[in-house]
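Tertiary structure, described
Now for the letters of each chain:
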Amino acid sequence: MSERIAMCFSGGKDSALALHAMQRSGAYRVETLITTVTDAYDRVSMHGVRRALARDQAASIGVALVEVVVPPQSSNEIYERAMGEAFDRLHDDGIRRVAFGDIFLEDLREYRERQLAASGLECLFPIWQQPTAVLAQSFIRDGFKAVAVCINPAVLDASFAGRAFDAAFVADLPEGVDPCGENGEFHTFVWAGPILPRPVPVTRGEVVERGGFVFCDLLAAAVTPAASGGSNSAAG
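A few points on the structure.

The rules behind each value
Residues numbered from 1 in each chain as written. Predicted model: local features only at pLDDT ≥ 70, side-chain atom pairs only at ≥ 80, totals over all residues. Heavy atoms only, no water. 1 Å grid on protein atoms, 1.4 Å probe; cavity = no way out; pocket = protein on both sides within 12 Å on 5 of 7 lines; lining within 4 Å. Points joined across faces, edges and corners; volume = space filled by probe spheres on them. Helix = DSSP H or I, 4+ residues; strand = E, 2+ residues; numbered from the N terminus. Buried < 20%, exposed > 50% of the residue type's maximum accessible area, 1.4 Å probe, protein only. Polar contact = N/O pair within 3.5 Å; in protein donor to acceptor, adjacent residues only side chain to side chain. Pairing = 2+ DSSP bridges. Axes fitted to C-alpha atoms, helices over the stretch in contact; angles between N-to-C directions. Parallel < 35°, antiparallel > 145°, perpendicular 65-115°, else oblique. Contact = heavy atoms within 4.5 Å. Nonpolar A, V, L, I, M, F, W, Y, C, P; charged D, E, K, R; others polar.

**Side note on the layout of surface pockets**
Taken as a whole, the largest pocket spans an internal volume of roughly 1400 Å³. As for the largest pocket, its lining consists of 46 residues, and the residues nearest its centre are Ser10, Ser45, Met46, His47 and His187. Looking at the lining of the largest pocket, the elements with two or more residues in it are helix H1 (13-25), strand E2 (28-38), strand E3 (43-44), helix H3 (76-92), helix H4 (106-117), strand E8 (186-192) and strand E10 (213-220).

Listed below in structure tokens is the structure:
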């Protein structure tokens, strides 16, 4: 039988790739998705995606969503306490491992392993050390659709905010920028693809700079034949 696990899920491409890898392996059954939400903004922390879209995404995936709520400019202490409480509840429910979409940041992996060990849990990294250029290509080839929702303007032009994550996006990345944004260069929202039986079509809203990052607001869009077919126009 497959192992019951939970997953820290941002709603972006790396999380989607990791979840897809586990679904294909058949060794794991993801029963819970965990995401961090900033309460005052009602948005997914760091990515800036509206909470309602995160909920629609989880509903399409068909997995329960646990929202760990933190205040704006949350300290590490507050964040770790809130996450620790969520991890403790998972352990009490019989879960023993939590998956992440991290790829190659060793310090982040070690941090997660220490954090989960405090709750008696182990980490799982389904796409660890896979070449990010290959991962980006497979994401696009396998039919995933995503939009860049958060850009670090120190390394990327603000015009990347709101663009579809496609072959042109990857080709236009400046030298030194990771194709999967693993160093925090950009974050995405996945609205269609193999893990989503029902697309979550979105339309681009306002682009704003806040806290040193550029965000593209995404709004829910009506489901259209184009959206059902996975056209990029659904994210337009």
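Back to the text.
**What to know about the side chain of Arg112**
Within the secondary structure, Arg112 sits in helix H4. Owing to a relative accessible area of 15%, Arg112 belongs among the buried residues under this scheme. A distance of 2.5 Å separates polar atoms of two side chains, one belonging to Arg112 and the other to Asp102.

**Re the pairing of strand E7 (residues 145-151)**
Of all seven residues in E7, six are buried, a share of seventy percent or more. Alignment of E7 against E8, held across six bridges, turns out to be antiparallel. Of the residues in E8, the one forming a bridge with Val147 is Phe189. Relative to E10, E7 runs antiparallel, the two sharing two bridges. The partner of Ile151 across the bridge, within E10, is Val214.

**So, the packing of H1 against helix H5 (residues 132-141)**
Each pair of packed helices gets described by two things: the angle between the helix axes and the distance between those axes. In contact at an axis separation of 11 Å, H1 and H5 are set at 80° when each is read in the N-to-C sense. Between H1 and H5, the crossing angle belongs to the class labelled roughly perpendicular. Contacts from Lys13, Ala16 and Leu17 in H1 reach Leu135, Ser138 and Phe139 in H5. Taken together, the residues that form the contact of H1 with H5 break down as four nonpolar, one polar and one charged.

**Structural notes on empty space enclosed by the protein**
For the structure on display, the rule yields one cavity of 30 Å³ or more. In this structure, the largest cavity encloses a volume near 50 Å³. Taken together, Phe9, Ser10, Gly11, Leu33, Thr35, Val44, Ala54, Gln57, Ala58 and Leu65 make up the lining of the largest cavity. Those elements that provide at least two residues to the lining of the largest cavity are E2 and helix H2 (51-61). When its residues are assigned to classes, the lining of the largest cavity shows six nonpolar, four polar and no charged.

**Considering the pairing of E10**
In this sheet, E10 lies alongside strand E9 (residues 202-210) in antiparallel orientation, the contact comprising seven bridges. Paired with Glu209 across the bridge in E10 is Val214. Between E9 and E10, which follow one another and run antiparallel, lie two residues, and Gly211 among them has a positive phi close to 60°.

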